[in-house]
Amino acid sequence: MCRAILPEYAELHCLSARSFLRGASAVEDLLDRAQALGYRALAITEECSLGSAARAHSHARNIGFPLILGSEIALTDGPRIVLLVQERDGYVALSRFITRARGRAEKGRYQALLADLQGLAGCLAIILPDSQSLRFDAADAIAVRDCLGAGNVWLGVELLRGGDDAAQLREMLEQGRALKIPCLACGDVHMDRRSRRFLQDVLTAIRLRRPLADLGWALARNGERHLRPRPVLAELYPPELLAETLRVAERCQFSLDSLVYHYPDGACPAGQQRDDYLAELARQGLQRRYPQGVATVVTTQLEAELALVRELDYAGYFLTVHDIVRFAKGRGILCQGRGSAANSVICYALGITEVDPSRMQLLFARFISRDRREPPDIDVDFEHERREEVIQYVFQHYGRDHAALTATIIHYRPRSAMRDAARALGFAPAEIQRLTQGLAWWDGRQIRPERLQEQGFDPASSTIQRLITVVNALVGFPRHLSQHVGGMVLSATPLDALVPIEPAAMAERTVIQWDKDDLDVLGILKVDILALGMLSVLRRALDDLGMTLADIPAEDSATYAMLQRGESLGVFQVESRAQMGMLPRLKPRCFYDLVIEVAIIRPGPIQGDMVHPYLRRRQGLEPVRYPGPEVKKVLERTLGVPIFQEQVMQIAIDAAGFSGDEADGLRRAMAAWRRKGHLGPYTDRLIRGLRLRGYSEAFAQRLCQQIQGFAEYGFPESHAASFALLVYASAWIKCHHPAIFTAALLNSQPMGFYAPAQIVREAYRCGVEVLSVDICHSDWDCKVQDGVLRLGLCLIKGLSPKEAERLLLWRAQGGALHSEALRHGLGLSAAALHQLAYAGALSSLHGDRHQALWAVQGSLPLPTALPMPVVPEQAPALPAETPAAACIADYQQLGLSLGPHPLHFLRKRIAQSGYRRIAEVRMQHHGRPDRLAGLVTHRQRPGTAHGTVFLTLEDESGMINVIVWPQRVEGWRRALLQGRLLGIGGRLERQGASLHFIADAMEDLSPWLGTLSTRSRDFH
């Protein structure tokens, strides 16, 4: 018996998950499945997008399978078509076609016109039938053929077992003969396997924002939109239609490898070579940096770096970053570079970074690598409120055709997946809130039934089981395209010739369709223009002081004494619970101590068991030993303990015989540890190299263990040094000018680790006098006059900056400020008047808050169309506002109160329940059992803590850190996740000047707070 010969086939119409909320399979799964089925090729044709092109290209190359790139387009004035790329010009034309179509519409939409097809050389088109009639419109088909030319257009026959396939096929073939346009088979593929049909339906419901039960014919009729086996295709299609797919596929020979990316020239003057100009700028910069003379070691390093930059053609990269930084500094925008290039002489000379490389251990391979063949990493932080000026400069200077933000793909996490899945399955809004409320990030990527049971749902019911199945399928799935936090891509040639560009959600911004991780395919330059709130704080504070960063005195003993006491609330990078606990133990005495402080509380050193050995050696509790001279040279400054990535790399070079590029390969293997679970060949290479040079097996194994810790996120020394500069600057201002520092923090919100209420309480602790918001005295920003801090109108929730600006101008011109004048003279809105009164800003004019609210209400017009005479009405004798009511109103409208702490009003009740003030508990001896109660200000559960939850609680007497061991977490889950006021029983533990409270019992006292609005910073 002869086995039938299976027909050859290439699928030419296929959408992946990157056609957001349409395709139900990852592009890798589609390619793997097509190869397994014996397809000759697969076309990935996302809707008006080439967003998956880079990822599809990489995977297809890895598995050795032919890939065709294209796009499905619904023409506004024509049919749905699939455009396929034949060669390089076709790819460029399609990319620009998509850019035009996206540019005509708002984010997430497009408008493509028939006329856009004119001149679309290098592309083939498949016309798709109308989704309702399943027919081709003759006029549309002829119009498409006329645009692209005869021989470049086909009619796509998509037979999906709709019950009338035979009749549909006959009619389509007749239309093709009548129009003289050949037909071919295609599958409108949305998934790799039929089993993903349920997910495809859910995605449709999410996309259409309607419950599944209401969708009807909006859903696919069946599960046929998957990659089907060739025997099935042979049953459905005539052989000639299947063979036609091969002829089309053979014409599509384009590969992304044929595209070439060029860096922009930066600000290089016309007629001058980039490398020569970069060298000139760098040498001039060194003269400014070292007016007393440049050390030979620095000059030698610079020349070596310039030579390698010339060899690898990276001069344009550095000139571009230099130009961006130059612009920012010229506009008075505080900025600072960091990244691997912060360890380079070039970036220090150009003013990109402020870290003096002569004070650091230079590691050339960390800066740049021949083997890596990619530009060194440069991140530049700017004031978070002025970064947009920098972004717009890049757009304007380099041109919107040459610059765009890179994209990032937002994937479903358990909470967002639960929210969208529950909506799709028809759950009520209140039920959705309950379903998501009980989820925590540490629950993992799969929904556990007991989590829903805790919220009152029956996990045994079919409805909940269906929900869990859908949510678990959604987690990790692409949700939508968003913009990267600050990565900008630049190109010497028009950028849309490489990747389509589309509008971002924010006005005057555009974004490419590729995820940030896809850029390496073409080696596309990305400059990270990042926002850093502390730079805004520093700029404001320095402006008030009439200083610059360079004016801050170095190595100030009072500043270090403050940090040694752990008084670092608001100070950059060292204000967290862990850092506050580390400061009294590490006791920084100089700048390099701050570099270590920044780096040591990171997952890498913690996981690699480097923190406690370093502290013991620093405190003299264990001797500092070095297993060999090479290791001593590298680790002497960190007491024999590797704390920075560069140190691990340098040990590999000096003690194990690695080359610089091999050491960089080790760094990249560390970065991939979490994904691969091993260091590849580098473990054996490292151990062998160390043993050959006389190091013990125990030391080699311990070093490998520490390297694995760095894979969990270790800080480069260059990063830590850049951040340490800001640590010192912010600490110095806090130490010597606490009022100005507090004002700058409040004016730069939202940012940082602490809410305004905690910032103001810290100001009180530092002896700062704080005055309330007052319409007669407050400006928009908080301000300091004669050492006194006056709160600003910016703190009033809901108050429009434009209305506040009108109010301040009115006041400056001598306008009356009582409510009648503001309403009828200035024309302030009723909402603004109410916000001012409720915030207490009118109290100095009208008495207390009650009187002010009455006056505001009386100034408003009556809601009637009848002509009513205005009758003067005397304000009634309203009861005085109680301190407790004032506290609630202050928190509601300002987020803080200058009156007593909220728990002051509950102290009697708290005490009667057996809970003491935090300050009293802090005075107790180590190990003593006690009970305390406080408002939750922070919740943390670091990945390195093996399930331990850390809470920060506060009351009117102070703050304390609470530790909840993993075995206790599940029993107190609801209180840990949702409690605002907690009563804790446990014991105090001391480690030198550091202390924390170990929880043995927990009670949620949140109902006692009533309507008080409090905020905590959770799990950041």
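Computed from a prediction, not measured in an experiment: that's the story for all the values here.

(A) Structural context of the overall build of the protein chain. Helix and strand counts for the protein chain stand at 43 helices and 23 strands. The C-alpha atoms of the protein chain give a radius of gyration of 33 Å, which matches the 31 Å a tight globule of 1020 residues would have. In the protein chain, buried positions account for 56% of the 1020 residues. For the protein chain, the share of sequence-separated contacts (at least 6 apart) that also reach a separation of at least 24 residues comes to 72%. Of the roughly 42,500 Å² of accessible surface on the protein chain, a fraction of 51% belongs to carbon and sulfur atoms. Counting 118 positive and 113 negative side-chain charges, the protein chain places the averaged centre of each group 4 Å from the other.

(B) Just the sheet that holds strand 7 (residues 183-185), in detail. Read across the open sheet, the seven strands follow the order 1-2-3-4-5-6-7; overall the sheet is mixed. Each edge of the open sheet is held by one strand with a lone partner, namely strand 1 (10-11) and strand 7. Across the face of the sheet, helix 8 (residues 239-251) comes into contact with strand 1, strand 2 (41-47), strand 3 (67-74), strand 4 (80-85), strand 5 (123-127), strand 6 (153-157) and strand 7 while running at roughly 95° to strand 7.

(C) Seen up close, empty space enclosed by the protein. The tally for this structure, following the rule as stated, stands at two cavities of 30 Å³ or more. Empty space within the largest cavity amounts to approximately 50 Å³. Lining the largest cavity, in full, are Leu569, Lys734, Pro738, Phe741, Thr742, Leu745, Ile759, Glu762, Ala763 and Cys766. Elements with a minimum of two residues in the lining of the largest cavity: helix 32 (738-747) and helix 33 (756-765). Considering every element that reaches the lining of the largest cavity, the biggest residue donor is helix 32, with four residues. Empty space within the second largest cavity amounts to approximately 40 Å³. In the lining of the second largest cavity, the residues fall into three nonpolar, three polar and two charged.

(D) Inspection of the nonpolar core at higher detail. Core analysis: the biggest nonpolar cluster contains 130 residues, and Leu83, Phe97, Leu117, Phe318 and Trp514 have the highest contact counts within it. No other element matches helix 11 (residues 315-330), which puts nine residues into this core. Apart from the residues lying within four places of it in its own chain, the contact partners of leucine 117 are Leu75, Ile81, Leu83, Phe97, Val144, Cys147 and Leu148. Judged by nonpolar contacts, the second largest core, of 105 residues, contains Met547, Ala720, Ala729 and Ala739.

(E) Geometry of the packing of aromatic side chains. Tallied over the full model, the rule gives 13 aromatic pairs. Seen in terms of ring centroids, tyrosine 261 and tyrosine 263 are 5.6 Å apart; in terms of plane orientation they differ by 75°. Their pairing is edge-to-face. Overall, the relative accessible area of 11% leaves tyrosine 263 in the buried class. An aromatic cluster of three or more residues is present, and its members are Tyr261, Tyr263, Tyr314, Tyr317 and Phe318. Between the NZ or CZ atom of arginine 400 and the centre of the ring of phenylalanine 395, over which it lies, the distance is 4.4 Å. The side chain of arginine 577 reaches across the aromatic face of phenylalanine 950, ending 3.8 Å from its centre.

What counts, and where the lines are drawn
- Residues numbered from 1 in each chain as written.
- Predicted model: local features only at pLDDT ≥ 70, side-chain atom pairs only at ≥ 80, totals over all residues.
- Heavy atoms only, no water.
- Helix = DSSP H or I, 4+ residues; strand = E, 2+ residues; numbered from the N terminus.
- Rg over C-alpha atoms; globule rule 2.2 N^0.38 Å.
- Buried < 20%, exposed > 50% of the residue type's maximum accessible area, 1.4 Å probe, protein only.
- Contact = heavy atoms within 4.5 Å.
- Areas by Shrake-Rupley, 256 points an atom, 1.4 Å probe, with all protein chains shown as cover.
- Lys, Arg positive; Asp, Glu negative; His and termini not counted.
- Charge placed at Lys NZ, Arg CZ, Asp CG, Glu CD.
- Pairing = 2+ DSSP bridges.
- Axes fitted to C-alpha atoms, helices over the stretch in contact; angles between N-to-C directions.
- 1 Å grid on protein atoms, 1.4 Å probe; cavity = no way out; pocket = protein on both sides within 12 Å on 5 of 7 lines; lining within 4 Å.
- Points joined across faces, edges and corners; volume = space filled by probe spheres on them.
- Nonpolar A, V, L, I, M, F, W, Y, C, P; charged D, E, K, R; others polar.
- Core = buried A, V, L, I, M, F, W, Y, C linked by side-chain atoms within 4.5 Å.
- Phe/Tyr/Trp six-rings, centres within 6.5 Å; stacked < 30°, edge-to-face > 60°.
- Lys NZ or Arg CZ within 6 Å of the ring centre and 35° of its normal.

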